[in-house]
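The lines below spell out each chain.
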Amino acid sequence: SKSLSDEENLKLFGKCNNPNGHGHNYKVIVTVRGEIDPVSGMVINLTDLKESMQEAIMEPLDHKNLDKDVPYFAEVVSTTENVAVFIWENLKKLLPTGTLYKVKVYETDQNIVVYKGEETI
């Protein structure tokens with residue numbers, strides 16, 4: 001984080017605090033919801049969903065240094081939580097209104113983030 005000192009970054013991010021960056025092989029699961037089309041039997045055509053995921057996730061993020069290659073992360077810390085928000089916002093623009101239900105991002109088997117958009121309580 002640009003807003004923290006080197007010591008604060010080390011304490012907060014541990015081994016992920018590397019000035020030269022480090023890599024992850026994220027796994028992303030997208031859940032949609034809505035009315036099932038009586039003809040296709042699907043909420044959304046899977047080919048369309050895959051194309052949207054390619055555009056919203058793979059093209060901007062795959063094999064990229066998030067902090068250097070993705071403009072969104074120039075100002076936002078590239079935590080798994082913020083990766084999930086980035087994916088949500090990109091997918092929301094491409095999918096039919098109201099069909100995106102959940103984005104689940106696995107950084108590791110033990111570090112998993114679930115994001116359902118901004119919810120009010």
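In this report, we go over the structure that sits alongside the text. Just so it is clear, the structure is predicted and the values come from calculations on it, not from any experiment. Throughout this description, residue numbers start from 1 for each chain and increase along the sequence as written. Given that the model is predicted, a residue must reach a pLDDT of at least 70 before its local features are reported, and side-chain atom pairs must reach 80 or more before they are shown or counted; all residues, however, enter totals for whole chains, interfaces and linings. Side-chain calculation: all heavy atoms of the structure are included, whereas hydrogens and water are not.

Before going further, it helps to spend a moment on helix α4 (residues 80-94). For α4, with 15 residues, the first-to-last C-alpha span of 21 Å sits near the 21 Å given by 1.5 Å per residue. Residues of α4 that are buried: T80, V83, A84, V85, F86, I87, W88, N90 and L91. Any two residues whose heavy atoms approach within 4.5 Å are treated as being in contact. The secondary structure listing takes helices from DSSP runs of H or I that are at least 4 residues long and strands from runs of E that are at least 2 residues long, numbered from the N terminus. If you follow the buried residues of α4, they end up packed against β1 (27-32), α2 (46-61), α3 (66-69), β2 (100-106) and β3 (112-115). Multiply 1.5 Å by the residue count of a helix minus one, and that product is the helix's expected span. Note on exposure labels: buried denotes an accessible area under 20% of the residue type's maximum, exposed denotes more than 50%, and partly exposed covers the range between, all computed with a 1.4 Å probe on protein chains only.

Of note, E118 is situated in the segment after β3. Taking the C-alpha atoms as reference points, E118 and V85, 33 residues apart in sequence, are found 9.5 Å from one another. We call two N or O atoms a polar contact when they sit within 3.5 Å, provided that within protein one can donate a hydrogen and the other can accept it, with sequence-adjacent residues counted only if both atoms are side-chain atoms. A polar contact of 3.1 Å, which involves the side chain of E118, links it to the side chain of Y115.

The next point concerns the pairing of β2. Think of it this way: DSSP has to see at least two bridges between two strands before they count as a pair. As paired elements, β1 and β2 share 6 bridges and run antiparallel to each other. The residue bridging V32 from the neighbouring strand is L100, located in β2. Bridge count between β2 and β3: 4 bridges; the pairing is antiparallel. If you follow K104 over to β3, its bridge partner there is V114. Here β2 folds back onto β3 in antiparallel fashion, the turn holding 5 residues.

In contact at an axis separation of 8 Å, α2 and α4 are set at 140° when each is read in the N-to-C sense. For the element pair α2 / α4, the angle class is oblique. Between α2 and α4 the crossing geometry is right-handed. Along the contact surface, α2 presents S52, M53, E55, A56, I57, P60 and L61, while α4 presents V83, F86, I87, N90, L91 and L94. Residue composition of the contact of α2 with α4, by class: 10 nonpolar, 2 polar and 1 charged. Here the axes come from fitting lines to C-alpha atoms, over the contacting stretch only for helices, and the angles between their N-to-C directions go from 0 to 180 degrees. An angle counts as roughly parallel when it lies under 35 degrees, as roughly antiparallel when it exceeds 145, as roughly perpendicular when it falls between 65 and 115, and as oblique in every other case. If you view the pair so one helix is near and one far, a crossing is left-handed when the near helix is turned anticlockwise from the far one by less than a right angle, and right-handed when it is turned clockwise. Gly counts as polar in this scheme, as do all residues outside two lists: the nonpolar Ala, Val, Leu, Ile, Met, Phe, Trp, Tyr, Cys and Pro, and the charged Asp, Glu, Lys and Arg.

What follows concerns the packing of aromatic side chains. Any pair of Phe, Tyr and Trp rings, taking the six-membered ring for Trp, is counted once the centres come within 6.5 Å. Such a pair is stacked with planes under 30 degrees apart, edge-to-face with planes over 60 apart, and tilted for the rest. Enumeration according to the criterion identifies 4 aromatic pairs in this entry. The interplanar angle of 85° and the centroid separation of 4.9 Å between the aromatic rings of Y72 and F73 together place this pair among those described as edge-to-face. Overall, the relative accessible area of 31% leaves Y72 in the partly exposed class. Consider the rings of Y72 and F86, whose centres lie 5.1 Å apart with planes at 55°: the pair is tilted. Taken as a pair, Y72 in the loop between α3 and α4 and F86 in helix α4 lie far apart in primary sequence, 14 residues in all. Linked through ring pairs, Y72, F73 and F86 together constitute an aromatic cluster. Any Lys NZ or Arg CZ that is within 6 Å of a ring centre and within 35 degrees of that ring's normal is treated as a charge sitting over the ring. The ring of Y106 carries K27 above its face, with NZ or CZ at 5.0 Å from the centroid.

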